[in-house]
Structures are given as C-alpha cells and as structure tokens.
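Next come the chains, spelled out residue by residue.
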Amino acid sequence: MANSEFKVVYDKKDLTVTVLCLFLIELVSVLIFLMWDHIRLGIFTAAYSFLLDFFILFPSYMFYVKVHGTDIEVRTKLGRKYDFHISEIERVVCSKTYGKYKIFSDIDIKVNSKDLCVGSEMTGFGKLAEYLLEKYKNGEINERAISESCQKELLRYKNKFA
C-alpha cells in the first residue's frame, strides 16, 4: 500500500437518507396530530423525535479514523480526539456478527486503555484491513497483536471490501 493516507468513516450518504426518511415519518405523525387538533401533542412529538434523531444519528457523523503514515488519529462518537502510533497497538481482533440477512464484520483495535471498533459498513474498512496486514508483515505491529485467524480475516476483508 503505497498511499497510507486514508480515512475510515460512516457513509454520509446512507446517514443522510436515514435522516430524511425519519424526518418524513415524523412530519407525517406531527401533521396527523395537528389535523386532530392536538397541537401541543404534535409539537411535543416533533421536538421529542428530532432530539431522539439527533442523539442517535449525530454520533455517527462525528466518528472517523484518519491514517497518516504510521500515525492513526481517531475522533470518537462523542467528539473526543486521540491519536497513536502503529507500534502502540496491543491487540487486533476480527469478529463477525450474524444478522438475519447479512454478516457484519468488525475490526477491534486495542491501544493502551482504548478500544477502537471499525465495522464493515464503513467507508475505508478494506483499506484499514490492508494497512494493518502490511504493517504487521513489515514488523511495525507487535507479532503477538494479530492472531493467525485474524490475519486470514484481514486478508479476506482486504479483498472483499477494497
């Protein structure tokens, strides 16, 4: 991987579509209350729904992982930032969650006292898998940090999500 500058984020297009759909549903429910002359209930429902949407979706807009060479910068869902060097990685765990219609893959990176979880639904997931494999093979990541099975999963992620 010649270019080791990339960003891992939630797909903003998908989040925007979700926000628009929720907004339309809330607008219809508020209009129904207003048509039945329940103005206070309509206003309360609108305010509650918009706040709920904000607290559910806004953290996804905040989160990112930026890779700059051998340094990784993270902004959490709460907006806190921290960074670390690739050699500080203590453990990389690859996991799968089986949903009803889809398998969700995750890469958990443990650094110092922090735990970074990146999911396959994020843009840049495959690049991160490729980056971790390359740095592991170059000896920049501790040899005990990535297990044999996790290496195979990272290779699969690299090929599937790249």
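This structure is a prediction, so every number in the text was calculated from the model and none was measured.

Novice: What should I look at first to understand the pairing of strand β6 (residues 103–111) in this one?
Specialist: Side chains on a regular strand alternate between the two faces of the sheet. Sheet topology places strand β5 (residues 89–98) next to β6; 9 bridges connect them, and they run antiparallel. Along β6, the bridge assignment pairs Ser95 with Asp106. As consecutive antiparallel partners, β5 and β6 are separated by 4 residues. Relative to strand β7 (residues 114–119), β6 runs antiparallel, the two sharing 6 bridges. Paired with Val111 across the two strands is Lys114, which belongs to β7. Count of turn residues in the β6/β7 antiparallel hairpin: 2 residues, of which Asn112 carries a positive phi of about 50°.

Novice: Sorry if this is basic, but what is going on with a negative patch on the surface here?
Specialist: Side chains of Asp71, Asp83, Glu88 and Glu90 sit close together on the surface and give a patch of like negative charge. By the secondary structure assignment, Asp71 is in strand β3 (residues 71–75).

Novice: Sorry, what's going on with the sheet that holds β6 here?
Specialist: Pairing is antiparallel in the open sheet, where 3 strands are placed in the order β5-β6-β7. Both edges of this open sheet fall to β5 and β7, since each of them pairs with a single strand only. When the angles between neighbouring strand axes are averaged without regard to direction, this sheet yields 20°. Contacts from helix α3 (residues 125–137) reach β5, β6 and β7 within the one sheet, and its direction differs from that of β6 by about 45°. The strands touched by helix α4 (residues 148–161) are β5 and β6; relative to β5, the strand with the most contacts, the crossing angle is about 65°.

Novice: Help me understand the packing of α3 against α4 in this model?
Specialist: Where α3 contacts α4, the axes come no closer than 8 Å and their chain directions differ by 140°. Looking at the two axes, α3 sits oblique to α4. Handedness of the α3/α4 crossing: left-handed. Every residue of α4 that contacts α3 at Phe125, Gly126, Ala129, Glu130, Leu132, Leu133 and Tyr136 is listed here: Gln151, Leu154, Leu155, Tyr157, Lys158 and Phe161. Considered class by class, the residues forming the contact of α3 with α4 number 9 nonpolar, 2 polar and 2 charged.

Novice: How should I be thinking about the environment of Ala145 in this particular structure?
Specialist: Examined against the element boundaries, Ala145 turns out to sit in the loop between α3 and α4. Look at Ala145 and you get buried, because its relative accessible area is 0%. On a C-alpha basis, the gap between Ala145 and Glu90 in space is 5.4 Å, while along the polypeptide they are 55 residues apart. With residues near it in sequence (within four places) discarded, Ala145 still touches Ile89, Glu90, Arg91 and Val92.

Parameters and conventions
Residues numbered from 1 in each chain as written. Predicted model: local features only at pLDDT ≥ 70, side-chain atom pairs only at ≥ 80, totals over all residues. Heavy atoms only, no water. Pairing = 2+ DSSP bridges. Helix = DSSP H or I, 4+ residues; strand = E, 2+ residues; numbered from the N terminus. Patch = residues over 30% accessible without salt bridge, like charges linked within 9 Å, V, L, I, M, F, W, Y side chains within 5 Å. Areas by Shrake-Rupley, 256 points an atom, 1.4 Å probe, with all protein chains shown as cover. Salt bridge = Lys/Arg side-chain N within 4 Å of Asp/Glu carboxyl O. Lys, Arg positive; Asp, Glu negative; His and termini not counted. Charge placed at Lys NZ, Arg CZ, Asp CG, Glu CD. Axes fitted to C-alpha atoms, helices over the stretch in contact; angles between N-to-C directions. Contact = heavy atoms within 4.5 Å. Parallel < 35°, antiparallel > 145°, perpendicular 65-115°, else oblique. Left-handed = near helix turned anticlockwise from the far one by under 90°. Nonpolar A, V, L, I, M, F, W, Y, C, P; charged D, E, K, R; others polar. Buried < 20%, exposed > 50% of the residue type's maximum accessible area, 1.4 Å probe, protein only.

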